[in-house]
Amino acid sequence: MSEKAISNNRRLLRWWLFIVLLAITALVIVGGATRMTDSGLSITQWKPIHGVIPPLNEAEWQEELELYKAIPEYEQVNKGMSLDEFKFIFWWEWAHRLLARSVGILFAAPLAFFWLTGRIEDRLKLPLLGILALGGLQGFVGWWMVASGLVDRIDVSQYRLATHLTLACFIFAAIVWVWRGIGRHSSDNAPTPSSSAFAGTVACLVLVQIYLGGLVAGLKAGLASNTWPLMDGQVIPSGLFIMKPWFINLFENALTVQFDHRMVAYLLWVLAGWHMIASLRAAPNTTHARRSVVLFALVTVQAIIGIATLLLVVPMHLALTHQAVALLVLGFAVAHWRGFYGSYRFPKRGLDAA
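What you see is a predicted model; the values in this text were computed from it and never measured.

Q: I'd like to hear about helix 2 (residues 58-69), residue by residue, with values.
A: Its 12 residues place the ends of helix 2 16 Å apart at the C-alpha level, agreeing with the 16 Å of an ideal helix rising 1.5 Å per residue. Turning to helix 2, its buried residues number three or more, namely Trp 61, Glu 64, Leu 65 and Tyr 68. Down the axis of helix 2, the smallest arc covering the buried residues is 100°, so these residues share one side. For helix 2, exposure combined with an orientation more than 90 degrees from the buried face picks out Ala 59 and Glu 63. Packing partners of the buried residues in helix 2 comprise helix 3 (72-76) and helix 4 (83-116). The opening residue of helix 2 is Asn 57, an N-cap whose side-chain oxygen sits 3.2 Å from the backbone nitrogen of Ala 59.

So, in structure tokens, the structure goes:
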């Protein structure tokens, strides 16, 4: 296979993966809306195939409502809900599940086509299969999350919600890594010997921050304190470690979870800024340095959106924007990190055969 043919195949793969990335972004946003409208428990059964078809008549709608009436959320939060009110939350959760299934097909079907037609290089097969497997695991994790709110709780476990969100973002990051690897790269050297490691640290910290954001969402910790830069007039608010044992506060105390989310945001901003300054000082005219400026700008914009979300007491439109921009920051951070390694080399055997 010639170098031109391999390049053409890579171009097709990049377009495919880019479309998948857009679909995952939409999925995460719809998932956030499902959570904020308290719609996530409206479908109480997991039917991966049959669940694609929504209720088609009044009797089927009543059946779904009766299933919902059997869980604690209905009894304690929505008792007396009308059928029209139930339909509102049902459609959000149904749309989220349908979009998740669609993303799976959007990834699996082209993967099979490209594989069977010989358009995927050997070195890409295992990473792409791994991403497909993670997508299947994500479906299970999604149901595992929903199941946590069907028996003894009126909402889902914040642990499981954060895991579900973080796994989605990890899949997103893995796709970005492959997508960037089959694209063109600059021949510029890294500004400093530690640039790549620093960029990797920033990317990993973004993923940690997203996990903390999942805990914030699960606990509704965004409402624990709505002042900035102080938290209710204090640099370190009282009540951070009132639960026993102490480490439980990191996951179950809403005030502590918000405090941690703020602190990691500050750390991320400082590290991104330090990375930018070091890159500009060492090699200001390189592509790597210019990308570091964009990364710092994105982190700054995300911080501003986060602050506005807090001060305005978590309005839905800002909260969803904050979630969407988090994906943008993660994607760019991973692409920036991947940029230090250059493109995947063309398979030598394919070039020799040509």
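Q: So what's going on with helix 1 (residues 3-36)? Which residues, and what values?
A: If you check helix 1, its first and last C-alpha atoms are 49 Å apart, about what 34 residues at 1.5 Å a residue would give, namely 50 Å. Within two residues after helix 1, Asp 38 carries a phi angle of roughly 55°, on the positive side.

Q: Break down the packing of helix 6 (residues 158-181) against helix 11 (residues 316-338) for me, citing the residues and quoting the values.
A: Where helix 6 contacts helix 11, the two axes come as close as 9 Å, and the packing angle between them is 40°. One element, helix 6, and the other, helix 11, form an angle in the oblique class. Of the two possible hands of crossing, helix 6 and helix 11 adopt the one that is right-handed. Each of Cys 169, Phe 172, Ala 173, Val 176, Trp 177, Arg 180 and Gly 181 in helix 6 lies in contact with helix 11, whose residues at this interface are Leu 327, Leu 330, Gly 331, Val 334, Ala 335, Trp 337 and Arg 338. Of the residues that constitute the contact of helix 6 with helix 11, the class distribution is 10 nonpolar, two polar and two charged.

The rules behind these values
- Residues numbered from 1 in each chain as written.
- Predicted model: local features only at pLDDT ≥ 70, side-chain atom pairs only at ≥ 80, totals over all residues.
- Heavy atoms only, no water.
- Helix = DSSP H or I, 4+ residues; strand = E, 2+ residues; numbered from the N terminus.
- Expected span 1.5 Å × (residues − 1).
- Buried < 20%, exposed > 50% of the residue type's maximum accessible area, 1.4 Å probe, protein only.
- Arc of directions from axis to C-beta.
- Contact = heavy atoms within 4.5 Å.
- Polar contact = N/O pair within 3.5 Å; in protein donor to acceptor, adjacent residues only side chain to side chain.
- Axes fitted to C-alpha atoms, helices over the stretch in contact; angles between N-to-C directions.
- Parallel < 35°, antiparallel > 145°, perpendicular 65-115°, else oblique.
- Left-handed = near helix turned anticlockwise from the far one by under 90°.
- Nonpolar A, V, L, I, M, F, W, Y, C, P; charged D, E, K, R; others polar.

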